[in-house]
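Now for the letters of each chain:
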Amino acid sequence: MRTHNCGELNLSHAGLRVTLCGWVQRSREMGGLTFIDLRDRYGITQLVFNMETNATLCDAARGLGREFVVSAEGIVAERSNKNKKIPTGEIEILVDSFRVLNPSNIPPFTIEDNTDGGEELRMKYRYLDLRRTVNRKNLELRHKMAVETRRYLDSLKFIEIETPYLIKSTPEGARDFVVPSRMNPGNFYALPQSPETFKQLLMVAGFDRYFQIVRCFRDEDLRADRQPEFTQIDCEMAFVTQEDILNTFEGLVHHLFDSVLGRKIETLPRISYEDAMSLYGSDKPDIRFGMTFVEINDLVGGKGFKVFDDAELVAGIKVPGCSGYSRKQLDELTDFVKRPQVGASGLVYIKFEEDGSVKSSVDKFYSRDDFMRVLTEFSALPGDLVLIIAGRKDKTRSALCELRLEMGGRLGLRKTGDFRPLWVLDFPLLEWHEETGRFYAKHHPFTSPVPEDIPMLETDPGAVRANAYDLVINGVEIGGGSIRIHNKDLQKKMFSVLGFSEEQAQEQFGFLMNAFEYGAPPHGGIAFGFDRWTTIFGNGDSIRDYIAFPKNNSGRDVMIDSPSKISEEQLEELNIRLKK
RNA sequence: GGACUGGUAGUUCAGCUGGUUAGAAUGCCGCCCUGUCACGGCGGAGGUCGCGAGUUCGAGUCUCGUCCAGUCCGCCA
């Protein structure tokens, strides 16, 4: 139907007869002249109609509304007024005939880079929103990421194998999306939260390098970076140590930075979970800037300031060059950390003024020497501001983490386009839950403990470290994985620590444990959040912008209006009765 | 489950301590314009102020409830 697309013609094509197809972006009527911007995926080309040379055609062109689908034939001509802003700006098409392939309603919002449409409206008409360049580029980026991922992994002899979507519900982890089985009344499939068990079975089957770019499903509340269905780059390898896995996938990180963004990056720093928590208060630190935590219990305790004396942890950050902060600004920061989402009970400041004097909210408890010792510990210089939070260790760290990120943002230290990937290692194997009074696997129940910590499974399970690792970029968890347990006895012990009875373990994971009795190789793997990684590379705010048809905050697709009710007949057939 | 923010022309928003005819921009329609490209000029149409109660002589504005959207906490092995 077309000889060229709307983004490729230039002066070298002048005089050529062409046919273009596309959508009417906008038309400009000048009395005797009519210009139409014709748009397709590749760009915009200007069509021109002249009242003097063909009044009928020019008149007809004026009947074309926005988003009409048009096929136009004519001669490529050099423009008398060139537009330097677009690649095709030096030429235009002198149209001698055109055809409306399909008219269009007036679109509910303008289909331009700076659209006037709000989010909700654009989601409802997502197919129109996707015509906008920004969204098109986001999906092109996603495609490029997928292609380069496959290229890299294929070059290392990984093979992509599909695993089932209709699987079995398991109690650990996120809530399952569940699918009723018509042929097995009262029974349900679950959609996979990840292909975890299947990729381990593939290792038992001898496919020693597996990957899959695969959809995963979790029935949990949504966020800007969380969708109920999302995509992982899921990988597993046999006959490997943790070091082998980190090196192989550090290679993927380098390859994607290079091939997609055209950037060479340095060897990824590695930090232990414990250090990440004590220096950044987070297991996914944003290391684009410093401001690491300094713990000062010893320096400030026993001076009569009860809040510090009683605190499990007193820690702070040094904010360079902010000693001039006003009372109002400090009050604002105090309010910030006291918000329920941050959860600190207060904020103490020490201003190291330019003239060398010291001002603090706790002046009456400490001498100048006391403050100087603290400031030295922070390596503070005149002009710096130290902000301190105290209380329970975990609360203090998470609040200080929020404050650090906030200050980093205010000082412009979290620069867009600055990428600082790193590995976080040695995660704890287990996590204690107060409400249920038992341990849960922090990663998943097949994660192997660090060998020298295995004896502690009996004595101090909370202190056992795992052979687990996360990839973090700019404060976002991009991926995580572990070396798996391939030994049946160890796996049994793990289930028992998690509070599974032998029968429960057998019922839920018997197929895996049985498989491990038939020569399971040592293996391990990793999975990356493909949507998040793409979003980071695109400098986006929300993974929604990198998914063609995303769900909204309540898990709804407002375009197709789902989820939705189903008929009585369907319910009957599925053997389901709804609560009145 | 919880906190906060928002909901007013097709769209994006403004609308003060409650006050009589609810505005702007853009889009849309009509007329004019031969080099525009965010074209320009003139004119016009377009509103259940999310929904329901309440306070008041009077509610877009205040109160309560409710629905929807967004950000976050919980949750997300």
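Below: a short report on this structure. (Residues numbered from 1 in each chain as written. Chains lettered and ligands numbered in written order. Predicted model: local features only at pLDDT ≥ 70, side-chain atom pairs only at ≥ 80, totals over all residues. Heavy atoms only, no water.)

### Section: the pattern of salt bridges
- In total, this model carries 47 salt bridges according to the counting rule given.
- The salt bridge partner of Arg17 is Asp96, with a shortest N-O separation of 2.6 Å. Here Arg17, found in strand β1 (residues 17-29), pairs with Asp96, found in strand β5 (residues 91-102); they are 79 residues apart in sequence, far enough to count as distant.
- When its relative accessible area of 42% is taken as the criterion, Arg17 is described as partly exposed. (Salt bridge = Lys/Arg side-chain N within 4 Å of Asp/Glu carboxyl O. Helix = DSSP H or I, 4+ residues; strand = E, 2+ residues; numbered from the N terminus. Buried < 20%, exposed > 50% of the residue type's maximum accessible area, 1.4 Å probe, protein only.)

### Quick look at the side chain of Asp286
- Looking at the secondary structure, you find Asp286 in the loop between α7 (273-280) and β12 (294-295).
- You can call Asp286 buried: its relative accessible area is 1%.
- In this structure the side chain of Asp286 is engaged in a polar contact, spanning 2.7 Å, whose partner is the side chain of Arg288.
- At a separation of 3.1 Å, a polar atom in the side chain of Asp286 contacts the side chain of Arg414.
- Beyond its immediate chain neighbours, meaning those up to four positions away, Asp286 contacts Tyr280, Arg404, Leu405, Arg414, Asn474 and Gly475. (Polar contact = N/O pair within 3.5 Å; in protein donor to acceptor, adjacent residues only side chain to side chain. Contact = heavy atoms within 4.5 Å.)

### A word on the sheet that holds strand β6 (residues 159-160)
- An order of β6-β9-β10-β22-β21-β20-β17-β11 is seen for the eight strands of this open sheet, with the pairing classed as mixed. Two strands bound the open sheet, and with one partner strand each, they are β6 and β11 (270-272).
- Of the pairings in the sheet, the one linking β6 to strand β9 (residues 209-217) comprises two bridges and is parallel in character. Each residue of the ladder has a partner; that of Glu160, found in β9, is Phe211. (Pairing = 2+ DSSP bridges.)

### Describing a negative patch on the surface
- Together, Glu568, Glu569, Glu572 and Glu573 make up a negatively charged patch on the protein surface.
- Tracing the chain through its elements places Glu569 in helix α17 (residues 568-573).
- The exposure class of Glu569 is exposed, given its relative accessible area of 57%. (Patch = residues over 30% accessible without salt bridge, like charges linked within 9 Å, V, L, I, M, F, W, Y side chains within 5 Å. Areas by Shrake-Rupley, 256 points an atom, 1.4 Å probe, with all protein chains shown as cover. Lys, Arg positive; Asp, Glu negative; His and termini not counted. Charge placed at Lys NZ, Arg CZ, Asp CG, Glu CD.)

### Examining the protein's contact with RNA strand B
- As a structural note, the neighbourhood of RNA strand B is formed by 47 residues, with Asn81, Asp116, Ala441, His443 and Asn553 the closest of them.
- Looking at RNA strand B alone, sugar and phosphate atoms form 52% of those within 4 Å of the protein.
- Take Glu52: an N or O atom from its side chain is 2.6 Å from a base oxygen of RNA strand B.
- In the model, a sugar or linking oxygen of RNA strand B is placed 2.9 Å from a nitrogen or oxygen of the Arg66 side chain.
- Contributions of two or more residues to the surface near RNA strand B are made by β1, β2 (33-40), β3 (43-50) and α2 (119-124). (Near = heavy atom within 4 Å.)

### Notes on the packing of α7 against helix α12 (residues 393-410)
- It is at 8 Å that the axes of α7 and α12 come closest, and there the two elements cross at 65°. Counted together, Glu274, Met277, Ser278 and Tyr280 of α7 and Arg397, Cys401 and Arg404 of α12 form the full contact between these two elements. (Axes fitted to C-alpha atoms, helices over the stretch in contact; angles between N-to-C directions.)

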